[in-house]
Amino acid sequence: MNTPKPIKKAVFPVAGLGTRFLPATKAIPKEMLAIVDRPLIQYAVDEAREAGIEQMIFVTGRGKTAIVEHFDIAYELEKTLSERGKDLSVLEPTRATPGDIITVRQQVPLGLGHAIWCARAIVGDEPFAIFLPDELMIGKVGGTGCMRQMVDAYNEVGGNLISVLEVPREDVSSYGVIDPGAEMGALTEVRGLVEKPPVADAPSNKIISGRYILQPEVMRVLEAQEKGAGGEIQLTDAMAKMIGSQPFHAVTFDGKRYDCGSKLGFVEATLALALEREDMGAEVRAMAERLLAI
Ligand code: UTP
């Protein structure tokens, strides 16, 4: 196989309404909710950078300007901090190289597939990554992040890749599920994809998690604007149509996924990441033990 084209662009669909987090998300984008002290979008952009991705394309909507502000230089803040002799390094990850953050607008939230299609002119004729920032993917300590694992696999097999993880069978009907073919270590050939199948019909318990590497042809499929489950234009349906004409694999993520689009997942992520931190883990553990003793 020829070396596949490198993945240099990533699309971050952030135009959803975040209704499960209302009223918190009335004026603040869901992607700006913080796990300890980093907003969700920052975790996703850091993961993209670790995977060698250079251009971040945010698909935004009304009320999402805070996301773009987050990656801008806050001149007054920096000036005040340095006058007070404060450490500015905490702001370092929020600095973007000029031109590497691009926004496009999804005027009406017609679904994830539609949000991706809104980025077609910037993606152009290149393979690209997709990150759903409310799915927080944390690699093992000392290991690599989810997208780095996917890019490494992509460099071996090319084509399209999705990240998957196994869930208890009774939970599959809340997710997109793969119909698995041959397995080669962490890679599984994908023969089909089904969005939210009834448990009895689910072809596996491997669910699609929020990271993708797709070939630009997916934009042509999305162009048809066909509606699927929930009356939304679904990315899963567009990807399913590409299986057979292009290589399609799933990568089982070696790490932990937190569904921060749900309240329980968000609380779990907050606790787990706080417990792991050197600067506060011991205190958080003691705090949790005190609370549980009551
Ligand atoms: P979700 O299904 O989590 O929807 O979208 P949501 O609106 O963010 O949250 P709830 O369900 O109302 O609480 C998955 C991802 O797709 C984006 C969302 O921003 C999120 O990153 N999305 C979804 C769009 O950008 N546009 C859409 O039309 C739909």
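Residues numbered from 1 in each chain as written. Predicted model: local features only at pLDDT ≥ 70, side-chain atom pairs only at ≥ 80, totals over all residues. Heavy atoms only, no water.

## Here we look at the site of the ligand
To keep it simple, the criterion reads: To be near a molecule or strand, a residue needs just one of its heavy atoms within 4 Å of it. Contacts described as polar in this section are N or O atom pairs within 3.5 Å, which, within protein, must combine one atom able to donate a hydrogen with one able to accept it, while residues neighboring in sequence count only if both atoms come from side chains. Surface accessibility follows the Shrake-Rupley procedure with a 1.4 Å probe radius. Residue values consider only the protein chains on display as shielding. Amino acids outside the nonpolar list (Ala, Val, Leu, Ile, Met, Phe, Trp, Tyr, Cys, Pro) and the charged list (Asp, Glu, Lys, Arg) are all regarded as polar, and Gly is one of them.
In the vicinity of the ligand, 18 residues are found, and the nearest of them are Leu17, Thr19, Lys30, Gln106 and Gly111. For the ligand, an oxygen atom lies 2.8 Å from a polar atom in the backbone of Pro13. Measuring from an oxygen atom of the ligand, one finds a backbone N or O atom of Gly111 at 2.8 Å. Calculation on the ligand without its partners gives an accessible area of 570 Å², and the protein chains cover 82% of this total. Class assignment for the residues of the shell around the ligand results in nine nonpolar, five polar and four charged.

## A word on a nonpolar patch on the surface
Stated formally: The residues that make up patches have over 30% relative accessible area and no salt bridge, and they are joined within 9 Å when like-charged or within 5 Å when they are Val, Leu, Ile, Met, Phe, Trp or Tyr. When a carboxyl oxygen of Asp or Glu lies within 4 Å of a side-chain nitrogen of Lys or Arg, that pair is called a salt bridge. For helices the rule is a DSSP run of H or I covering at least 4 residues; for strands it is a run of E covering at least 2, with both sets numbered from the N terminus onward.
A cluster of nonpolar side chains, namely Val267, Leu271 and Leu275, defines an oily patch on the protein surface of about 230 Å² accessible area. Along the chain, Leu271 turns up in helix α9 (residues 263-276).

## Some points on the packing of aromatic side chains
Applicable threshold: A pair of Phe, Tyr and Trp rings is counted when the ring centres sit within 6.5 Å of each other, with Trp represented by its six-membered ring. The angle between the planes then sorts it: under 30 degrees is stacked, over 60 is edge-to-face, the rest tilted. Burial status follows relative accessibility: with a 1.4 Å probe on protein chains alone, a residue under 20% of its type maximum counts as buried, one over 50% as exposed, and anything between as partly exposed. For a ring to carry a charge above it, either NZ of a lysine or CZ of an arginine must fall within 6 Å of the ring centroid while also lying within 35 degrees of the normal to the ring plane.
Considering all chains together, one arrives at four aromatic pairs under this definition. Taken together, a centroid distance of 5.5 Å and an interplanar angle of 65° make the contact between Phe21 and Phe266 edge-to-face. Remark: Phe266 occurs in helix α9 and Phe21 occurs in the loop between β1 (9-13) and β2 (34-35); sequence separation between them is 245 residues. In this structure Phe21 comes out as buried when scored by relative accessible area, which is 10%. Aromatic pair Phe58 and Phe71: ring centres 5.7 Å apart, planes at 50°, arrangement tilted. With Phe58 in strand β4 (residues 55-60) and Phe71 in the loop between α2 (65-70) and α3 (75-83), this residue pair connects regions lying 13 residues apart in the sequence. On the accessibility criterion, Phe58 (0% relative accessible area) is buried. Judged by its relative accessible area of 5%, Phe71 falls in the buried class. Within the aromatic cluster, the residues linked to one another by ring pairs are Phe12, Phe58, Phe71 and Phe131. Against the face of Tyr43 rests Arg38, its NZ or CZ located 3.9 Å from the ring centre. Taking NZ or CZ as reference, Arg120 lies 3.7 Å from the ring centre of Trp117, over its face.

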